[in-house]
Amino acid sequence: MVRVLLGLAKLGRRIPLRAGRAFGRALGTLAWHVVRRERRKALRNLAIAFPDWSETQRERTIRAMFRHLGMSLFEVLWLPNFNAAQRERTTIVEGIEPLLKLIDEGRTVMAFTGHCGNWEWLATTVASYGRPLTAMQRERDETEVNELITSIRASAGIRTVDRGSAAAGRDMIQALRKPGMMAFLIDQNIRTESVKVPFFGIPALTPIGPGKLAVRMELVCASMFIERRPDGIQHVRVNPPFAVTRNDDPVEVTARLTREIEDQVRRVPEQWVWMHDRWRERKG
């Protein structure tokens with residue numbers, strides 16, 4: 001599978017965006033039929049979030065999710081073509097001006113999002129405004145895939161910090177002490193310091209580290225999201241930034257941002273990764 005992805009990466013930049021999306025939709029449709037374990041897991045998790053939905057409605061949503069992920073794959077491979085001119089043709093951006101103003105005034109913004117829409121397209125769009133952007137990521141098991149994603153981000157001017165690397169803490173603090181943005185995805189249950197906050201009304205383990213850092217360093221926080229419209233246009237929304245002080249509770253900051261992620265998932269549930277076991281328990 002990794003070799004197939006790397007082979008596609010060589011072609012992805014040369015394939016017209018519309019054709020790549022069409023191929024991605026077909027790939028996603030195939031995945032719905034083939035990856036049965038992930039399909040069942042996604043349907044089960046969707047039922048937790050939307051218990052009142054019919055089985056037909058859930059199946060329709062997860063089918064659309066697979067098609068969305070297939071399109072997102074080819075969009076990511078195409079992203080090295082992205083520039084300010086492409087942004088004007090392909091993407092609507094709302095609410096980013098206050099963030100740019102804060103950075104130009106010398107502030108650091110801690111940006112939060114989830115695995116909603118095409119989050120790599122979101123990062124590339126934000127970076128295209130010419131302000132420093134650093135993304136914290138959890139390293140993937142496949143080294144080649146990790147290097148591919150990092151290189152695609154680097155082509156857009158995005159610096160990547162691997163959460164598990166020896167220099168992760170130092171690199172993150174350095175980024176947070178300079179004007180610019182540091183981006184985190186906090187909508188997954190991963191092996192890091194976590195607290196339970198509500199997600200669709202159910203307590204879910206959520207990384208608390210970014211919230212603690214925001215409070216300790218009294219940073220500005222903002223959530224931002226992206227969704228693909230039916231006509232193919234990507235729609236980026238940046239929520240109003242809010243300042244955090246040492247008097248704030250990191251758990252409440254994390255809960256507030258998680259509520260904003262949930263709001264976005266409710267907007268377009270087919271554009272979130274329902275295969276992830278968001279509510280699972282972890283030993284220790």
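Located above this text is the structure these notes cover.
Residues numbered from 1 in each chain as written. Predicted model: local features only at pLDDT ≥ 70, side-chain atom pairs only at ≥ 80, totals over all residues. Heavy atoms only, no water.

A word on the environment of Gly130
And step 1. Along the chain, Gly130 turns up in the loop between helix H7 (119-127) and strand E3 (133-137).
And step 2. Sequence separation between Gly130 and Pro250 is 120 residues; the distance between their C-alpha atoms is 30 Å. (Helix = DSSP H or I, 4+ residues; strand = E, 2+ residues; numbered from the N terminus.)

Remarks on the state of the cysteines
And step 1. Considering all chains together, one arrives at zero disulfides under this definition.
And step 2. Of all cysteine sulfurs, the one in Cys221 lies closest to Cys116, which takes part in no disulfide; the gap is 17 Å.
And step 3. Relative accessible area serves as the criterion here: at 3%, Cys116 is assigned to the buried category.
And step 4. Under the relative-accessibility criterion, Cys221 is labelled buried at 0%. (Disulfide = S-S within 2.5 Å. Buried < 20%, exposed > 50% of the residue type's maximum accessible area, 1.4 Å probe, protein only.)

Brief notes about helix H3 (residues 36-49)
And step 1. Spanning 14 residues, H3 covers 20 Å between terminal C-alpha atoms, matching the ideal 20 Å at 1.5 Å per step.
And step 2. Among the residues of H3, those classed as buried are Arg39, Lys41, Ala42, Asn45, Leu46 and Ala49. Angularly, the buried residues of H3 cover 165° about the axis, an arc narrow enough to put them on a single face. Facing away from the buried side of H3, by more than 90 degrees, are the exposed residues Arg36, Arg37 and Arg40.
And step 3. Here the buried face of H3 lies against helix H2 (17-34) and helix H4 (55-78). (Expected span 1.5 Å × (residues − 1). Arc of directions from axis to C-beta. Contact = heavy atoms within 4.5 Å.)

Focus on the environment of Leu77
And step 1. In this fold, Leu77 is placed in helix H4.
And step 2. Counting along the chain gives 147 residues from Leu77 to Met224, while the straight-line C-alpha distance between them is 22 Å.

What to know about the pairing of E3
And step 1. Of all the five residues making up E3, five are buried; the element is thus mostly covered by neighbouring parts of the structure.
And step 2. With burial as the criterion, each face of E3 is covered, one bearing Leu133, Ala135 and Gln137 and the other bearing Thr134 and Met136.
And step 3. The pairing of E3 with strand E4 (residues 158-162) spans five bridges and is parallel. The residue bridging Met136 from the neighbouring strand is Val161, located in E4.
And step 4. Pairing analysis gives three bridges linking E3 to strand E5 (residues 180-185), with the strands arranged parallel. Bridge pairing links Thr134 to Met182 in E5. (Pairing = 2+ DSSP bridges.)

Some thoughts on the nonpolar core
And step 1. Counting 41 residues, the largest nonpolar core has Met110 and Trp274 as its most contacted members.
And step 2. Among the secondary structure elements, those contributing two or more residues to this core are H3, H4, strand E2 (108-113), helix H9 (168-176), E5, helix H10 (209-217), strand E8 (220-228) and helix H11 (250-267).
And step 3. Setting aside anything within four residues of it in sequence, one finds Trp274 in contact with Lys41, Ala42, Asn45, Leu46, Ala49, Phe50, Ile62, Met65, Phe200, Val265, Pro269 and Trp279.
And step 4. Grouped together as the second largest cluster of nonpolar side chains are 32 residues, Trp78, Ala123, Ile158 and Met224 included. (Core = buried A, V, L, I, M, F, W, Y, C linked by side-chain atoms within 4.5 Å.)

Description of the packing of aromatic side chains
And step 1. Scanning the entire structure with this criterion turns up 13 aromatic pairs.
And step 2. For the pair Phe199 and Trp279, a centre-to-centre distance of 5.8 Å together with 35° between the ring planes defines the contact as tilted. In this pair, Phe199 is assigned in strand E6 (residues 194-199) and Trp279 in the segment after H11, connecting sequence segments 80 residues apart. This pair shows no difference in class: Phe199 is buried, exactly as Trp279 is.
And step 3. Consider the rings of Trp272 and Trp274, whose centres lie 4.8 Å apart with planes at 80°: the pair is edge-to-face. (Phe/Tyr/Trp six-rings, centres within 6.5 Å; stacked < 30°, edge-to-face > 60°.)

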